[in-house]
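# Architecture and fold: a report
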Amino acid sequence: MFNKILIANRGEIALRVIRACKELGIKTVAVYSTADADSMPRHLADESVCIGPPPPSNSYLMIERIISAAEICDVDAIHPGYGFLAENAHFAEVCRSCNIKFIGPGPEQINAMGDKVKAKETMRKAKIPVTPGSEADVPDEASAKKIAKKLGFPVIIKAAAGGGGRGMRIAHNEASLVRGFNAAKLEAEKAFGNATVYIEKYLENPRHIEFQILADEHGNVLHLGERDCSIQRRHQKLIEESPSPIMTPDLRKRMGDAAVSAARAVNYSNAGTIEFLVDKNRNFYFMEMNTRVQVEHPVTEQITGIDIVKQQLKIAMGEKLPYRQKEIQFRGHAIECRVNAENPHYNFAPCPGKVTQYCPPGGFGVRVDSHVFPGYVIPPNYDSMIAKLIVSADTRTQAISRTLRALEEFQIEGVHTSIPFTQFVVNSRDFIEGKYDTGYIENVLNSGQFHNSSVKA
Ligand code: MV4
């Protein structure tokens, strides 16, 4: 049993973890940078420790300071949230060596999934469909050409240490392949200190559908259904929903089984997400696994009634999952809209600063996860997400009406937000009909119907 844990994060997810701890009777320690001295997580935690100046590299990424705070406060465990150190195997290792439980999988599982080439290899061996492509690192231009010829253009070049879209290049012919291969290697070396790349057949405008899983330390693995995360701009998700408009009971069974096998293949424990690409013919391919709680986890909580963060804590305390797969029921429909402090009319430029007025929506089926309050100053140093609106209803149609109602109610003044753009998308015919893929937002912006200074006419 945990008496006290430290939350190595900030913003809404720090608050989300503190709330789960309070309900479980676990005391909390918030760590904060000087930019977050006047923040909700700091004030709601039982104790707080300043770990440095605003830049993440000098605060939320400083392993020694976080471990020092954990030792001084005598915590049993650390919850990393998402981002920052959440998928840092070295951090998980340091926690282990200091006898502090890392609330996540072990460094072995983080490593196994962090290297995307290794992860795909493991999945192939576990008979899970993976995107066709090179079965190992691609060492040089000559082998890149050979693999591309075999796959047929277009192909996509990805960084083995990447994920989330960084360091990717698409090639439609041999000339762009050679350029893309070298550019991807350089970018990967710079961004991840690892120039290893691999090549896949490029699927045109797939859907991004991911499965939430929960796995305990006793070998029990469950999936909590899918989230359709195809509505994204430059690899930043804007809207997530469950169920996916294209899901069928048969596809859910097959993808769910694959997701559970993926977790078992690496002896996983904790909450996790298996990401798939799904093509026009509903073929699905394993893409990567995220070994953390995700931003969009509330969508799944709303349709299953399961508190994923509490389950993470219980799993880390050594408890067994309290359900079997057949007991998991999916009820109704949930949609999450991320609210970012950015100007959608001006190339989505970040817009930090003081929130002079803040009045979130409410009512039946409306949940807002946010650390913002009137007078809060959004620091320029971190991600621009300031709130998540999660709406649930019996049907997708009702969830869309409720989302539009709630977005209309949401009053944020002092900074620009992504709300007007989200309203435009949720109101669009193709979204309403569930006809969208990962190219959707780009198409909406290129259509010129939403005024955006950066997009050429
Ligand atoms: C792909 C792909 C098409 N074919 N791989 C983007 C994020 C990174 N994790 C992998 N990504 C993609 N990989 C193949 N073989 C298209 C994407 C992709 C994408 C995937 C999910 C969500 C949004 C996306 C937007 C553009 C490209």
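Residues numbered from 1 in each chain as written. Predicted model: local features only at pLDDT ≥ 70, side-chain atom pairs only at ≥ 80, totals over all residues. Heavy atoms only, no water.

### Digging into helix 3 (residues 63-72)
One turn of the α-helix equals 3.6 residues, which is why residues spaced by three or four share an orientation. As a reminder of what qualifies: A 1.4 Å probe rolled over the protein chains alone gives each residue an accessible area, and that area as a share of the maximum for its type sets the label: buried under 20%, exposed over 50%, partly exposed in between. By definition, any uninterrupted DSSP run of H or I lasting at least four residues is a helix, any uninterrupted run of E lasting at least two residues is a strand, and each is numbered from the N terminus. Comment: arc refers to directions from the helix axis out to C-beta atoms. In what follows, residue pairs with any heavy atoms lying within 4.5 Å of each other are defined as contacts.
When helix 3 is considered as a whole, its buried residues turn out to be Ile63, Ile66, Ile67, Ala69 and Ala70. Angularly, the buried residues of helix 3 cover 155° about the axis, an arc narrow enough to put them on a single face. Turned more than 90 degrees from where helix 3 packs its buried face, Glu64 and Ile72 sit exposed. Buried positions along helix 3 lie against strand 1 (4-7), strand 2 (27-33), strand 3 (47-52), strand 4 (77-79) and helix 4 (89-97).

### Observations concerning the sheet that holds strand 2
Just so we agree on the cut-off: Paired strands are those between which DSSP finds at least two bridges.
Reading across the sheet, the five strands line up as 3-2-1-4-5 and stay open at both edges, with parallel pairing between neighbours. Two strands lie at the open edges of the sheet, namely strand 3 and strand 5 (101-102), each paired on one side alone. Relative to strand 3, strand 2 runs parallel, the two sharing five bridges. Following the sheet pairing, Val29 is matched in strand 3 by Glu47.

### Focus: the sheet that holds strand 19 (residues 366-370)
For clarity, the threshold we go by: The angle between two axes is taken between their N-to-C directions and runs from 0 to 180 degrees, where each axis is a line fitted to C-alpha atoms and a helix contributes only its stretch in contact.
The strand order across the open sheet built from eight strands is 13-12-9-10-11-14-21-19, with neighbouring strands paired in antiparallel fashion. Here the strands that pair on one side only, and so sit at the sheet edges, are strand 13 (284-290) and strand 19. Adjacent strand axes in the sheet meet at a mean angle of 25° when their direction is disregarded.

### Structural notes on the domain arrangement of the protein
The cut-off we apply is this: Domain segmentation is taken from an automatic or database assignment of domains. Buried area is a sum: the accessible area each of two parts loses on coming together, probed at 1.4 Å, counted once for each and added. Criterion for a salt bridge: a side-chain nitrogen of Lys or Arg within 4 Å of a carboxyl oxygen of Asp or Glu. N or O atoms closer than or at 3.5 Å make up a polar contact, with two conditions inside protein: a donor-capable atom paired with an acceptor-capable one, and, for residues adjacent in sequence, both atoms drawn from side chains.
For the protein, the assigned domains are domain 1 (4-103), domain 2 (132-201) and domain 3 (207-447). A separation of 23 Å is found between the C-alpha centroids of domain 1 and domain 3. At the junction of the two partners, domain 1 supplies 33 residues and domain 3 supplies 31 residues. Looking only at domain 1, the three residues that lose the most surface to domain 3 are Glu12, Arg16 and Glu87, adding up to 25% of its buried area. The interface formed by domain 1 and domain 3 contains six salt bridges. When the shortest N-O distance is used, the salt bridge between Arg16 and Asp307 registers 2.7 Å. The interface formed by domain 1 and domain 3 contains 13 residue pairs in polar contact (both at pLDDT 80 or more). At the level of secondary structure, the elements contributing two or more residues to the side of domain 1 that touches domain 3 comprise helix 1 (11-24) and helix 2 (40-44). Element by element, the count of residues in the side of domain 1 that touches domain 3 is highest for helix 1, at ten residues.

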